[in-house]
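A structural walkthrough
If you want the building blocks of each chain, they are given just below.
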Amino acid sequence: MNISNQSNVTYNAVEPGKPGVPGSLTSNTVNTEVLSDEITKEFSTDKTNAGKGEKVHNTVTITNNSTTALGSASIVSPIPDGASFVEGSVKVNGVAAGSNPVTGVVIPELKPGETVTVEYDVQITNPSADNLKLGAELQYNVNDPKIGEVTFTEPTNSVSIDVYVAKLSVVKSVDKTFAVKGDTLTYLITFGNDGNVDINDIYFTDTIPAGTTFVEKSVVVNDQSFVEYRPDIGYFIANLPPAAFVTTLFQVTVD
C-alpha cells in the first residue's frame, strides 16, 4: 500500500489600494510506502498434529513486493516449550545453513520482486499442553532517503499444532495411618487419563506388603467385585478415553 498526501491552500492576494484577488495552490505530492503490505511473510508446517517424538517441518517464505531492497535480513523463530530445534535442519533457498532459528537465520538481500525460503525442523519432546504455536519474525533494514537506514521487525502468521499427549496418572491411598495386628487395610488406587489420546490395556500389579496377608476376594474395580483377582498376580483395569478415570481397591490384614 502507498500513502499519498497533497495539501491545498486558498488565499487572497491584496495589493495596496486594490481589492483582494482570490487564489488557490496545491502542494507537491508526498508518498510513503507501507512495507507491511508489500512484503509477504508466510509461515507453514507439513503437519497440523503430531505426537511425542515426531518432527514438524517448518517453512518461512518471504517475498519482497516493495520498491526497495531489504538488507541485513534474518528470520527469528522461537521454539515453544514442549519442542526442540533439530540441529542441522536449516536450509535457505534449499541450501543447508549452519544456523539456529532461535538466534536468527541470515537471509540474502532481497531485491524488489525476489523471494527467499527458510526451512527447519522441530521435534515434539515433552509437551505439557495439547497444542503448540509456531511462527517467526522477519528482521530487516531499508535505506530511507529521508532518514537513512531503518530497521523493522514484523511477525509472520502463526500456526497451531495439535499435540497428542499420553498422560496417565496413578494415585494410591490407604484408609488407615495407624493400625494394630488383625486390622484390615484398604488400598485404593485411582487411574486418570489426563492426556488427549486413548490409553488402553491398563494392567495393574501390586506386591502384598511385608507383614500383611491379602484378603481373598477383596479386589474391586470401579465398584465391581472380582473374586478371582489378586494384585500380586495382576489384572486388567480398563481402557481409558481422555478425561476418564477408574479405581481399583484391595484389602490386606496386618499379621
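Preceding block: the structure.
This report concerns the structure included in the present document. (Residues numbered from 1 in each chain as written. Predicted model: local features only at pLDDT ≥ 70, side-chain atom pairs only at ≥ 80, totals over all residues. Heavy atoms only, no water.)

**A word on the layout of surface pockets**
Formally: A cavity here means a set of points on a 1 Å grid, drawn over the protein atoms and nothing else, where a 1.4 Å probe fits but cannot get out; a pocket is an open set with protein on both sides within 12 Å along at least five of seven lines, and a residue lines either one if it has an atom within 4 Å of a point. Grid points are joined across faces, edges and corners, and a volume is the space filled by probe spheres set on the points. Numbering of helices and strands runs from the N terminus; a helix is a DSSP stretch of H or I covering at least four residues, while a strand is a stretch of E covering at least two.
By volume, the largest pocket amounts to about 460 Å³. Lining the largest pocket are 18 residues, with Asn-31, Thr-32, Glu-33, Asp-144 and Pro-145 positioned closest to its centre. Secondary structure elements with two or more residues in the lining of the largest pocket: strand E4 (30-33), helix H1 (35-38), strand E15 (137-144) and strand E16 (148-155). Looking at the lining of the largest pocket, the element that brings in the most residues is E4, giving 4 residues.

**Re the packing of aromatic side chains**
Heads up, the condition is: Pairs were defined over the aromatic rings of Phe, Tyr and Trp, the Trp ring being its six-membered one, requiring ring centres within 6.5 Å. Orientation was assigned from the angle between planes: stacked under 30 degrees, edge-to-face over 60, tilted for the rest. Any residue under 20% of the maximum accessible area for its type is buried, any over 50% is exposed, and the rest in between are partly exposed; the area is computed with a 1.4 Å probe on protein chains only.
Under the criterion given, the structure shown has 8 aromatic pairs. Centre to centre, the rings of Tyr-187 and Phe-250 are 5.4 Å apart; their planes meet at 35°, and the pair counts as tilted. Of this pair, Tyr-187 sits in strand E19 (residues 184-193) while Phe-250 is found in strand E25 (residues 245-254), placing the two residues 63 residues apart along the sequence. You'll find Tyr-187 and Phe-250 in the same group, each marked buried. Where Tyr-229 meets Tyr-235, the ring centres are 4.7 Å apart and the plane angle is 20°; that geometry is what we call stacked.

**Re the environment of Glu-114**
Rules: The criterion used for residue contact is that any of the two residues' heavy atoms lie within 4.5 Å. Pairs of N or O atoms within 3.5 Å make up the polar contacts considered here, provided that, within protein, one atom can donate a hydrogen while the other can accept it, and that residues adjacent in sequence are counted only when both atoms are side-chain atoms.
Among the structural elements, Glu-114 can be located in the loop between strand E12 (105-106) and strand E13 (115-124). For Glu-114, a relative accessible area of 33% puts it in the partly exposed group. Each C-alpha atom of the pair Glu-114 and Val-56 lies 26 Å from the other, and the pair is 58 residues apart in sequence. Those residues in contact with Glu-114 that sit more than four places away from it in its chain are Ile-62, Thr-63, Asn-64 and Glu-109. A polar contact is formed between the side chain of Glu-114 and the backbone nitrogen of Lys-111, at a distance of 2.8 Å.

**Focus: the environment of Leu-25**
Mapped onto the elements of the fold, Leu-25 is located in strand E3 (residues 21-26). On the basis of relative accessible area, Leu-25 is assigned to the exposed category, the value being 56%. C-alpha of Leu-25 to C-alpha of Tyr-203: the two residues are 178 residues apart in sequence and 89 Å apart in space. Here Leu-25 is in contact with Ser-7, Asn-8, Val-9 and Tyr-11, once residues within four sequence places are set aside.

**Brief notes about the sheet that holds E15**
The strands that make up a sheet are held in pairs by hydrogen bonds between backbone atoms, and each pair lies either parallel or antiparallel. Formally: At least two bridges found by DSSP between two strands is the condition for calling them paired.
In spatial order, the strands read E12-E8-E15-E16; together these 4 strands make up an open sheet with antiparallel pairing. Every other strand in the sheet has two partners, leaving E12 and E16 as the edge strands with one partner each. Here 4 bridges tie strand E8 (residues 71-76) to E15, and the two strands are oriented antiparallel to one another. Within E15, the position partnered with Gly-71 by the bridge is Asn-141.

**Focus on the pattern of salt bridges**
To be explicit about the condition: Note on definitions: salt bridges are taken to be side-chain nitrogens of Lys or Arg within 4 Å of carboxyl oxygens of Asp or Glu.
Across all of its chains, the model carries 8 salt bridges by this definition. For Lys-172, the salt bridge identified is with Asp-206, shortest N-O distance 2.5 Å. Here Lys-172, found in strand E18 (residues 168-174), pairs with Asp-206, found in the loop between strand E20 (199-204) and strand E21 (212-214); they are 34 residues apart in sequence, far enough to count as distant. You can call Lys-172 partly exposed: its relative accessible area is 44%. Here the residues in one salt-bridge network are Glu-216, Arg-230 and Asp-232, joined through shared partners.

**Observations regarding the nonpolar core**
As a reminder of what qualifies: We define the nonpolar core as a collection of buried residues of types Ala, Val, Leu, Ile, Met, Phe, Trp, Tyr and Cys that are connected through side-chain atoms lying within 4.5 Å of one another.
By size, the foremost hydrophobic cluster in this structure holds 34 residues, and its most contacted members are Ile-62, Ile-75, Ile-107, Leu-138 and Tyr-140. Examining the composition of this core, we find that 5 residues originate from one element, E13, more than from any other. Aside from chain neighbours lying at most four places away, what touches Leu-138 is Ile-39, Lys-41, Ile-62, Ala-73, Ser-74, Ile-75, Ile-107, Phe-152, Thr-153 and Glu-154. Core analysis: the next-biggest nonpolar cluster, separate from the first, contains 21 residues, Phe-191, Phe-214, Val-219 and Val-246 among them.

**What about the side chain of Ser-74?**
Tracing the backbone shows Ser-74 in strand E8. Here Ser-74 falls in the buried class, since its relative accessible area comes to 12%. If sequence neighbours within four positions are ignored, Ser-74 has contacts with Val-105, Val-106, Ile-107, Glu-137, Leu-138 and Gln-139.

**Notes on the sheet that holds strand E17 (residues 159-164)**
Convention followed: Helix axes are fitted only over the stretch in contact, all axes being lines through C-alpha atoms; the angle between N-to-C directions runs from 0 to 180 degrees.
If you walk across this open sheet you meet the 3 strands as E6-E17-E14, and the pairing is mixed. What marks the edges here is a single partner per strand, and that holds for strand E6 (49-51) and strand E14 (131-134). Shown here is a sheet whose adjacent strand axes are inclined to one another by a mean of 30°, direction ignored.

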